[in-house]
Amino acid sequence: SATNNTTTTSSSSSSFIFLIVIESLTILFPMTISQTQYLHPYGVRLLVTELILGLLLRINRRFDDGQGQGNDNEKRAISISEHTATTNFKQKDFLSFFRSTVSYNTFVAILAVDFTIFPRSFAKTEIYGYGLMDLGAGSFCVIGGLVSKFARSSSISTPNSTTGTSKTIHSIKKVILHSIPLLIMGFVRLITTKGLEYQEHVSEYGAHWNFFFTLLVVNIACTLIRSSTWKILNVPIITWLVILIAYQYLLSVEQLQNYIIHAPRACTYDGGEYTYFFMDKAPSLLCDLFAANREGILGCIGYIVLYLASEDVGRYCLWGWTNNDNNMNNASSRSNSCITLKQSKLHGKRLFGSTVCFWLMHWILSNNSNLGFGIPPSRRSTNATFILWTMSQNVSILLFTWMAFHLASTTRIISPRNTNGINSIATTTTFSAHTIPPIFAAVNRHGLIVFILANLMTGAVNLSMNTLEATNDEAILVIFCYLCSIGVVALLINWIASQKKKRE
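Residues numbered from 1 in each chain as written. Predicted model: local features only at pLDDT ≥ 70, side-chain atom pairs only at ≥ 80, totals over all residues. Heavy atoms only, no water.

### Points about the packing of aromatic side chains
Aromatic rings in a pair are described by how distant their centres are and how their planes are angled relative to each other. Rule in force here: Planes of paired rings set the category: under 30 degrees apart is stacked, over 60 is edge-to-face and the rest tilted, where pairs are Phe, Tyr or Trp rings (Trp by its six-membered ring) whose centres lie within 6.5 Å. Numbered from the N terminus, helices here are DSSP runs of H or I no shorter than four residues, and strands are runs of E no shorter than two. The classification of residues rests on relative accessible area computed with a 1.4 Å probe and restricted to protein chains. Under 20% of the type maximum is buried, over 50% is exposed, and intermediate values are partly exposed.
Under the criterion given, the structure shown has 18 aromatic pairs. Ring geometry for Phe 140 against Phe 451: centres 4.4 Å apart, planes inclined by 35°, an arrangement best described as tilted. Here Phe 451 lies in helix H19 (residues 447-464) and Phe 140 lies in helix H5 (residues 134-145), a separation of 311 residues in the sequence. On the accessibility criterion, Phe 451 (5% relative accessible area) is buried. An angle of 85° between the planes, with centres 6.2 Å apart, marks the rings of Phe 211 and Phe 451 as edge-to-face. Here Phe 451 lies in helix H19 and Phe 211 lies in helix H10 (residues 211-226), a separation of 240 residues in the sequence. Accessibility expressed as a relative area gives 10% for Phe 211, which makes it buried. The structure contains a cluster of three or more aromatic residues connected by ring pairs, namely Phe 140, Tyr 205, Phe 211, Phe 212, Tyr 303 and Phe 451.

### Points about the packing of helix H18 (residues 438-445) against helix H20 (residues 472-503)
Test applied: Angular values range over 0 to 180 degrees, each being the angle between N-to-C directions of two axes fitted as lines to C-alpha atoms, with helices fitted over their stretch in contact. By the definition adopted for this analysis, an angle is roughly parallel if under 35 degrees, roughly antiparallel if over 145, roughly perpendicular if from 65 to 115, and oblique otherwise. Crossing chirality is assigned from the near helix's rotation relative to the far helix, an anticlockwise turn below a right angle marking it left-handed and a clockwise turn marking it right-handed. Contact between two residues is taken to exist if any of their heavy atoms lie within 4.5 Å; hydrogens are not considered. In the scheme used here, Gly and all other residues not listed as nonpolar or charged are polar, with Ala, Val, Leu, Ile, Met, Phe, Trp, Tyr, Cys and Pro taken as nonpolar and Asp, Glu, Lys and Arg as charged.
The contact between H18 and H20 brings their axes to 8 Å, and the two run at 65°. Taken together, the axes of H18 and H20 are roughly perpendicular relative to one another. Note that H18 runs across H20; the crossing there is left-handed. Within the contact between the two elements, H18 uses Pro 438, Ile 439, Ala 442, Val 443 and Arg 445 and H20 uses Gly 487, Ala 490, Leu 491 and Asn 494. Looking at side-chain class alone, the contact of H18 with H20 contains six nonpolar, two polar and one charged residues.

### Observations regarding the environment of Asn 258
Counting through the fold element by element, Asn 258 comes out in helix H12 (residues 256-262). A relative accessible area of 25% places Asn 258 in the partly exposed class. Expressed as a C-alpha distance, the spacing of Asn 258 and Ser 381, which sit 123 residues apart in the sequence, is 9.7 Å.

### A closer look at H18
Most of H18 sits out of view: seven of its eight residues are buried. Restricting attention to buried positions, one finds in H18 the residues Pro 438, Ile 439, Phe 440, Ala 441, Ala 442, Val 443 and Asn 444.

### A short note on the pattern of salt bridges
Pairing is possible between side chains of opposite charge, provided their charged atoms come close. The criterion, for reference: Salt bridge criterion: a side-chain nitrogen from Lys or Arg within 4 Å of a carboxyl oxygen from Asp or Glu.
Evaluated as defined, the whole model comprises five salt bridges. Between Glu 204 and Lys 124 there is a salt bridge whose closest N-O contact spans 2.3 Å. With Glu 204 in helix H9 (residues 202-205) and Lys 124 in the loop between helix H4 (93-112) and H5, this residue pair connects regions lying 80 residues apart in the sequence. What makes Glu 204 partly exposed here is its relative accessible area of 24%. In this structure, a network of salt bridges that share partners links the residues Arg 226, Glu 311 and Asp 312.

Below, the structure is given as structure tokens:
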């Protein structure tokens, strides 16, 4: 018996390793190629290779699922009715896949941009326009908002006046404690960037600011807003839409956009063109710090809007916030529950509606005709057009991810004979146990920790080699190995967390 157990364990370990290798080649390598100059000449070949590896992966999973289980699809079909037919996968697998995809593509971009193989058209824009890397920071806020506590809550609850203040203080203390790693990483990046003369673009966040500080501000500000005793702040759409309109008014009418783009990195007190209306009365040190980091500080407003907007999208499209969706709310409160086919379709319908709304609002703002405002997108100021473009892109990709999962899972299953002795056909949804790749599931569970480690690994690569002089083949190899290392680290962190949970 012990020998059989050892053989089974060894076989399982080998199968898991094979699974990780195949998924690395199937998922991580195409992600590496997609953000390099090799994308266009080798795109078709890559697609064919991807399909072959995907087929091997599916065969491997079917083999694993078939061991000890038999061919018993009917056992997975819990009900015949579309209203009660359930899936065999956890509730939001397509959301987990989307979040992990955004994270891994961000990991690729933050290192690949340092190599010459990275297309310059993918880099962040300096003043106006669209760029692939412009989506990175905004998408990171979006994937956080989609699964926030507010987004996942089943009902809108506002603390009363007697307990609201204490709950707000408790929430702020908790989020500050959890954000300490962001504060530490922010200063670590600042010190290493300045001390080691690491390449940086001041127009990105400013002279001293970085994205870790932005995440810190967004976490605290959004917690403060959602914990407020003002019930109006918890009404969907209202909060972020008001902030968005007010901020865009300052940018367009009060010339804040012009200040962000053209002002010097220090304050002027001679009534110059770029002395903004409130900073000329501030202490000189504070004013100079603000002027030197205006992109990062003012950009926090846009990222706060993105986070709040994604919370509302998550609440409406994924978790349910109206009282009419009690069944969905009850199901969504259980992380290990399965969703019905009806609920899955409802996800798709609401995501489609949200996608149309965001693209329509973006078109109205960016269009130069009489029907639009003609406001160009600006990452540096995170203006309304940029925010709506970022939301449109993310919700669209989330919709396509849901569509892929939904179409791949819907199958026709012959139910047992009814009382009349006639077989009936039901449409239900089935998945194997390995719906989400292990390297994706690990990053989804420990996104912030892995993001911090990915930034540290990016710095280590840049310190160990001259990325600008690397050949294209060397760049591909380094980026792919770096991405695989992130996957391994994520799996290790996930294993440590699971072992700790078992001991508890």
